[in-house]
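# Residue-level structural notes
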Amino acid sequence: AVLPTNATALSDNAIDLGVGSYRYKDLYLSGGAFIGGTGSANQLDDYEEGTWTGTVTGSGSNPSSSVTTTGNYIKIGKLVYITYAFANVNTSGASGEIRITGLPFTPSPGNQNTGNVTMHTLGTITSGAANVTPFFTSAYIAFYITKSQVAWSVVQHNAGSGGYLYSTGSYLTT
């Protein structure tokens, strides 16, 4: 073990590992790093960046031709942040609620909603909608709208060409 000392005795919580002008290069750990405490809640044990393939599907029928895009993700511990964009896509043949499949990690629990959505032509959004949000199930992303004093409702396909969907979101996984 490499133990912190002040040249004569062991020292607790008083010595830095490296300084601004004399730094260590890389850190390789077989376990996690404890940040701000020694409890399991303070352990950072996973960090990952990558890409994933999102596919537009429908709860009634899928588009006649496959509609996919490559999105990006960052996973820190159990938190997954995703971003993706479908630009000028053709969803002819699709019906029912808009769904995006292919998430890089399975949401758990499967009922989370957080993120931003910009949608044009792809979905039917009713007049007076105040909010469109991605809803992460255990198998796909759905999109819900809200209106003042009205229950949530799912965004339905507006099948055809020239559809756009840009979205970011974050969810928990196991």
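Report follows, based on the coordinates. (Residues numbered from 1 in each chain as written. Predicted model: local features only at pLDDT ≥ 70, side-chain atom pairs only at ≥ 80, totals over all residues. Heavy atoms only, no water.)

## Observations regarding the nonpolar core
Applicable threshold: For this analysis, a nonpolar core means a set of buried residues of the types Ala, Val, Leu, Ile, Met, Phe, Trp, Tyr and Cys, connected via side-chain atoms within 4.5 Å. Throughout, exposure labels follow a simple rule: accessible area from a 1.4 Å probe, protein chains only, divided by the maximum for the residue type, with under 20% read as buried, over 50% as exposed, and the rest as partly exposed. Here a strand is any run of E in DSSP of at least two residues, a helix any run of H or I of at least four, and the numbering for each starts at the N terminus. Pairs of residues are marked as contacts when any of their non-hydrogen atoms sit within 4.5 Å.
Membership of the largest hydrophobic core comes to 24 residues, with the highest contact counts inside it found for Ile 82, Tyr 84, Ile 100, Phe 143 and Leu 165. Listing elements by their share of this core, those giving two or more residues are β3 (47–58), β5 (79–89), β6 (98–101), β7 (115–120), β9 (131–136), β10 (141–147) and β13 (163–172). It is β5 that contributes the most residues to this core, five residues altogether. Beyond its immediate chain neighbours, meaning those up to four positions away, Ile 82 contacts Trp 52, Asn 72, Tyr 73, Leu 103, Pro 104, Phe 136, Ile 141, Ser 167, Thr 168, Gly 169 and Tyr 171.

## Some remarks on a nonpolar patch on the surface
Operational definition: Exposure above 30% relative accessible area and the lack of any salt bridge qualify a residue for a patch; like charges then connect within 9 Å, and the nonpolar side chains Val, Leu, Ile, Met, Phe, Trp and Tyr within 5 Å. Areas reported as accessible are Shrake-Rupley estimates using a 1.4 Å probe. Residue values count occlusion only from the protein chains shown. Just to be clear on terms, a salt bridge is a Lys or Arg side-chain nitrogen sitting within 4 Å of an Asp or Glu carboxyl oxygen.
Residues Ile 35, Leu 44, Tyr 47, Ile 74, Ile 76 and Tyr 81 make up a contiguous nonpolar surface patch of about 550 Å² in total accessible area. Looking at Leu 44, the relative accessible area reads 35%, which means it is partly exposed.

## A word on the packing of aromatic side chains
Where we set the bar: When the centres of two rings from Phe, Tyr and Trp lie within 6.5 Å, Trp using its six-membered ring, the rings pair. Their planes under 30 degrees apart give stacked, over 60 give edge-to-face, and anything left gives tilted. We call a charge positioned over a ring when the NZ of a Lys or the CZ of an Arg lies within 6 Å of the ring centre and within 35 degrees of the ring normal.
Summed over the entire model, instances satisfying the criterion amount to seven aromatic pairs. The rings of Trp 52, Tyr 84 and Phe 86 are connected pair by pair, giving a single aromatic cluster. In this structure, Lys 75 is placed above the aromatic ring of Phe 105, and the distance from its NZ or CZ to the ring centre is 5.3 Å.

## Comments concerning the side chain of Thr 57
Topologically, Thr 57 is positioned in strand β3. Here Thr 57 is in contact with Asn 62, Pro 63, Glu 97, Ile 98, Arg 99, Thr 101 and His 157, once residues within four sequence places are set aside.

## Points about unusual backbone geometry
A cis amide bond, omega 5°, links Ser 108 with the succeeding residue Pro 109. In this fold, Pro 109 is placed in the loop between β6 and β7. In this structure, Asn 13 takes a positive phi of about 60° despite not being glycine. Looking at the secondary structure, you find Asn 13 in the segment before β1 (33–34). Of note, the phi angle at Thr 121 is positive, near 70°, even though the residue is not glycine. Secondary-structure assignment places Thr 121 in the loop between β7 and β8 (123–124).

## Things to note about the environment of Thr 70
Mapped onto the elements of the fold, Thr 70 is located in strand β4 (residues 68–76). With 14 residues separating them in the primary sequence, Thr 70 and Tyr 84 have C-alpha atoms 6.7 Å apart. Every residue in contact with Thr 70, bar those within four places of it in the chain, is listed here: Thr 51 and Trp 52.

## What about the pairing of strand β11 (residues 150–154)?
Definition in use: Only strands joined by at least two bridges in the DSSP assignment are considered to pair.
Relative to β11, β10 runs antiparallel, the two being bridged by three bridges. Considered in β11, the bridge of Lys 147 is made with Val 150. As consecutive antiparallel partners, β10 and β11 are separated by two residues, and within that stretch Gln 149 has a phi angle of approximately 55°, a positive value.

## A closer look at the pattern of salt bridges
Close approach of charged atoms allows side chains with opposite charge to pair. A complete count under the given rule lists three salt bridges for this structure. Where Lys 75 meets Asp 46, a salt bridge forms, and the shortest distance between an N and an O atom there is 2.3 Å. One end of the pair, Lys 75, is in strand β4; the other, Asp 46, is in the loop between β2 (43–44) and β3, and 29 residues separate them in sequence. A residue is classified by how much of its surface remains accessible, and Lys 75, at 7% relative accessible area, is buried. Given the relative accessible area of 24%, Asp 46 is considered partly exposed.

## Here's the deal with the pairing of β9
Where β9 and β10 come together, six bridges link them in antiparallel fashion. Residue pairing across strands places Thr 133 opposite Tyr 144, the latter belonging to β10. Linking β9 to β10, which pair antiparallel, is a turn of four residues.

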